[in-house]
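A structural walkthrough
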Amino acid sequence: MKEKILDLVFPERCMICGRVMKETKSRIAICHHCAEKLTFLDEVPTCRICGCQLTSLEPFCPTCQTHVHYFTRAVACLPYKEGIRHAVLQYKFYGRRDLCRTFARLLYYRVLPFHRQNPFDCVVCTPMTEAAHRERGYHHTNLIAEPVAKELGIPFLSEAFSKSAETRKQSSLDYVSRFKNVEKAFSLSMPKKAFKGKHVLLIDDVLTTGATADALSKLLSDAGAERVFVATVAGTQKEQYAPVTEEDELAVMF
C-alpha cells in the first residue's frame, strides 16, 4: 500500500528518457520505448570471462585471450554507452540515488540464473574512501549490492574491503595504467576465514578493463575464496593500450 501511494504521488519515470511509467512488477525504471533500443547483454553473445559483447564467434574477447583475470567470470546487464552511461554518471555524481532501485533489480535478474546453477555464498561490493563517502553522501555500490543480496537470500558483507587512498579516475587512463592505478589501493577488512572456500559475488557499477575487479578478486582469492563472480550494471570493452577517448575525458569532468 505504501509503494502504491508513493507511485501516485511520485510516479516512476524512465531513467533514460524521463517518460512517466505505469506501475511494473519488475520495478525497473526503463520504459518499453527505451528498452526496445537497448542491448541487454543476457540476450547477445558475450565473452565467457569478462562479459563484454562479442563481435565475432570466438568465445573470448581479444583482451581475455591474452590477459589472465583473478575473477572466475564477469557479467554486465547493459553496454556502457548513451542513455545507460548518462544514467550511471547521474547516479554516481549527481545525487540520483533513486536509480539504485533499477540498477539493483537489473543486477538481480542478471545473476539469478547463475545463482540457481551454482549458488553464491555472500555478496561484496567495491569500497570507497571515507573522504569520497562524505563528499558524495552515499556509498553508490553499497546501495545496489545490499538489495541484491537480500533478494538472493545471502549475506551482504558491506565492510569486506577498505580503500586506503583516492586513486586517479580509471576513465582517464589507458589499459595498462588502470591496473597500476589500483594495484595497492585496496585491502581486505575482514578475517580471511570469512571467504575461505566461498563462492563470492562482487558487485560494481561499471566494468571496463576489469582492473578494479581484478584487484579485489585477488584479495578474495588470496583469502581462500573458491570462486569470484563479478556483476556490474554496465560493461564496456577497451582494447589494450587504447588511448584516452573524448568520452573518457567527459567522464573525468564529473
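Cut-offs applied
Residues numbered from 1 in each chain as written. Predicted model: local features only at pLDDT ≥ 70, side-chain atom pairs only at ≥ 80, totals over all residues. Heavy atoms only, no water. Pairing = 2+ DSSP bridges. Helix = DSSP H or I, 4+ residues; strand = E, 2+ residues; numbered from the N terminus. Axes fitted to C-alpha atoms, helices over the stretch in contact; angles between N-to-C directions. Contact = heavy atoms within 4.5 Å. Phe/Tyr/Trp six-rings, centres within 6.5 Å; stacked < 30°, edge-to-face > 60°. Buried < 20%, exposed > 50% of the residue type's maximum accessible area, 1.4 Å probe, protein only. Expected span 1.5 Å × (residues − 1). Salt bridge = Lys/Arg side-chain N within 4 Å of Asp/Glu carboxyl O.

The strand order across the open sheet formed by four strands is β1-β6-β5-β2, and the pairing between neighbours is parallel. Every other strand in the sheet has two partners, leaving β1 (73-79) and β2 (122-125) as the edge strands with one partner each. When the angles between neighbouring strand axes are averaged without regard to direction, this sheet yields 20°. Where β1 meets strand β6 (residues 227-235), six bridges bridge the pair, whose relative direction is parallel. From the neighbouring strand, Leu78 faces β6, where its bridge partner is Ala234. The strands touched by helix α4 (residues 99-117) are β1, β5 (199-207) and β6; relative to β1, the strand with the most contacts, the crossing angle is about 135°.

All told, the structure shown has five aromatic pairs when counted by the stated rule. The interplanar angle of 50° and the centroid separation of 4.9 Å between the aromatic rings of Phe114 and Phe229 together place this pair among those described as tilted. Taken together, the positions of Phe114 in helix α4 and Phe229 in strand β6 put the pair 115 residues apart, joining distant regions of the chain. Each of the two residues, Phe114 as well as Phe229, counts as buried. In this structure an aromatic cluster arises from ring pairing among Tyr91, Phe103 and Tyr138.

Quick look at unusual backbone geometry now. Note: most peptide bonds trans; most residues except glycine with negative phi. Not every positive phi belongs to a glycine, and Glu82 is a case in point at roughly 50°. Its location among the elements puts Glu82 in helix α3 (residues 82-93). Look at Glu82 and you get exposed, because its relative accessible area is 66%.

Moving on: α3. Between its first and last C-alpha atoms α3 spans 17 Å; for 12 residues at 1.5 Å apiece the expected length is 16 Å, and the two agree. Within α3, burial applies to Ile84, Arg85, Ala87, Val88, Leu89, Tyr91 and Lys92. Positive backbone phi, at 75°, marks Gly95, one or two positions downstream of α3.

Pairing between side chains becomes possible if they bear opposite charge and their charged atoms approach one another. Summed over the entire model, instances satisfying the criterion amount to six salt bridges. In this structure, Arg96 and Asp98 form a salt bridge, with 2.8 Å as the shortest nitrogen-oxygen distance. When its relative accessible area of 31% is taken as the criterion, Asp98 is described as partly exposed.

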